[in-house]
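Fold and contact review
Below are the chains, spelled out letter by letter.
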Amino acid sequence: MNNQSVCVLGLGYVGLTLAIMLREHGVPVYGVDVNHQIVSGINSARPHFYEKGLEELLLKHSQDGFECFTQIPQDKSINTYIIAVGTSVRHKKPYFKELKGASFAVGAVLKEGDLVILRSTVPVGSTREFVVSILEEESGLSAGDDFSVVFAPERTVEGEALAELKTLPQIIGGVDNRSVKRAASLFDLFSPRIVVVDSLEEAEMIKL
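First things first, this report covers the structure right here in the doc. Everything quoted here is computed from the prediction, not taken from an experiment.

About the cut-offs
Residues numbered from 1 in each chain as written. Predicted model: local features only at pLDDT ≥ 70, side-chain atom pairs only at ≥ 80, totals over all residues. Heavy atoms only, no water. Core = buried A, V, L, I, M, F, W, Y, C linked by side-chain atoms within 4.5 Å. Buried < 20%, exposed > 50% of the residue type's maximum accessible area, 1.4 Å probe, protein only. Helix = DSSP H or I, 4+ residues; strand = E, 2+ residues; numbered from the N terminus. Contact = heavy atoms within 4.5 Å. Axes fitted to C-alpha atoms, helices over the stretch in contact; angles between N-to-C directions. Parallel < 35°, antiparallel > 145°, perpendicular 65-115°, else oblique. Nonpolar A, V, L, I, M, F, W, Y, C, P; charged D, E, K, R; others polar. Phe/Tyr/Trp six-rings, centres within 6.5 Å; stacked < 30°, edge-to-face > 60°. Pairing = 2+ DSSP bridges. Arc of directions from axis to C-beta. Salt bridge = Lys/Arg side-chain N within 4 Å of Asp/Glu carboxyl O.

Membership of the largest hydrophobic core comes to 35 residues, with the highest contact counts inside it found for Leu22, Phe66 and Ile117. If you list the elements that add at least two residues to this core, you get strand 1 (6-9), helix 1 (13-24), helix 2 (36-43), helix 3 (54-61), strand 7 (115-118), helix 6 (161-165) and helix 7 (177-187). Apart from the residues within four sequence positions on either side, Ile117 is in contact with Thr80, Tyr81, Ile82, Ile83, Val150, Ala152, Ala183, Leu186 and Phe187. Counting residues in each nonpolar core, the second largest holds 30 residues, with Tyr30, Ala143, Ile171 and Ala203 among its members.

Following both chains from N to C, one finds helix 5 (residues 126-139) and helix 8 (residues 200-207) inclined at 115°, their axes separated by 9 Å at the closest point. On the basis of their axis angle, the class for helix 5 and helix 8 is roughly perpendicular. Mapping the contact onto sequence places Ser126, Thr127 and Arg128 in helix 5 and Leu200, Glu201 and Glu204 in helix 8. Looking at the contact of helix 5 with helix 8 residue by residue, the classes come out as one nonpolar, two polar and three charged.

For the rest of this paragraph, the subject is the packing of aromatic side chains. For the coordinates displayed, the defined rule picks out two aromatic pairs. Here Phe187 and Phe190 contribute two aromatic rings whose centre-to-centre distance is 6.0 Å and whose plane-to-plane angle is 80°, an arrangement assigned as edge-to-face.

Okay, the pairing of strand 4 (residues 80-83) next. A two-sided burial pattern is seen for strand 4, the buried positions comprising Thr80 and Ile82 on one face and Tyr81 and Ile83 on the other. The pairing of strand 1 with strand 4 spans four bridges and is classified as parallel. Each residue of the ladder has a partner; that of Val8, found in strand 4, is Ile82. Bridge count for strand 4 against strand 7 is four bridges, and the pairing is parallel. Bridge pairing in strand 7 links Ile82 to Ile117.

This paragraph deals with helix 3. Regarding helix 3, the residues found buried are Leu54, Leu57, Leu58 and His61. In an axial view of helix 3, the angular spread of the buried residues amounts to 100°, which keeps them on one side of the axis. The inward-facing, buried residues of helix 3 abut helix 1, helix 2 and helix 6.

Turning our eyes to something else, we now look at the pattern of salt bridges. A complete count under the given rule lists four salt bridges for this structure. Close ionic contact of Asp64 with Arg23 constitutes a salt bridge, the shortest N to O distance being 3.5 Å. Linking Asp64 in the loop between helix 3 and strand 3 (67-69) with Arg23 in helix 1, this pair joins segments that are 41 residues apart in sequence. Residue classification places Asp64 among the partly exposed positions, given a relative accessible area of 35%. Ionic pairing is found between Arg128 and Glu201, a salt bridge with its closest N-O pair at 2.7 Å.

Laid out in C-alpha cells, this is it:
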C-alpha cells in the first residue's frame, strides 16, 4: 500500500498535471507555487493553462483535500517532495534561481525518511552536484542514508499531459535502490511501465 503524502513545488503544466493525477489515485497532494495569482486560480478551479479535463478535476478534488499554497505547508505530514519548477536559459547558460529556491525550501523542512523527486529539466550532473548539495547542507542529513533522491524526467506535451501520464513509461534514476523503489511505488499508481536506469545522471541524460 502506498502511504506517501506529496508536496509538488512548481505548478506549471508539468507539476499541476502530475499533482492532480496523483490525487486522482488517492494520494494526499499539496501544491506550492511562489506566484500568488496562480495559487489563487488553482484553488478556485481556474488553471492558468489549458489541459483537457483539468478544470473539472480541480473542481472535483478541491472538495476532497487538494489545496495549493505559496510555501510548503508545515501541518500536512508530507514525506515526498516533487520539484517541478522551470529551468530557464540566460546567455546560453541554465538559470537556476527557481530550482535553487525550491531546493532551499525543501531542505529547510526535510526529515529522515523523506523522498525528493526532481522533475525539472537540468544539465547532466545538476541533481547530485546542485540539488542534493543544497538539501544536505540545509537539512544536515545525508542523501541515500537519511533521505531518498531520484531524477524522474517529465516527457509530456502541454495540452496532452493528463493522457500521456497514463500512457508513457516513467524513467527513474536514484541515488540508491531504496530511492528508486520509493519513487516507483508512486509512479506505479498510474504509469503503464517503470524504466529504472543506473544513476541520476543517466536519467538526466535521457531527458536531454
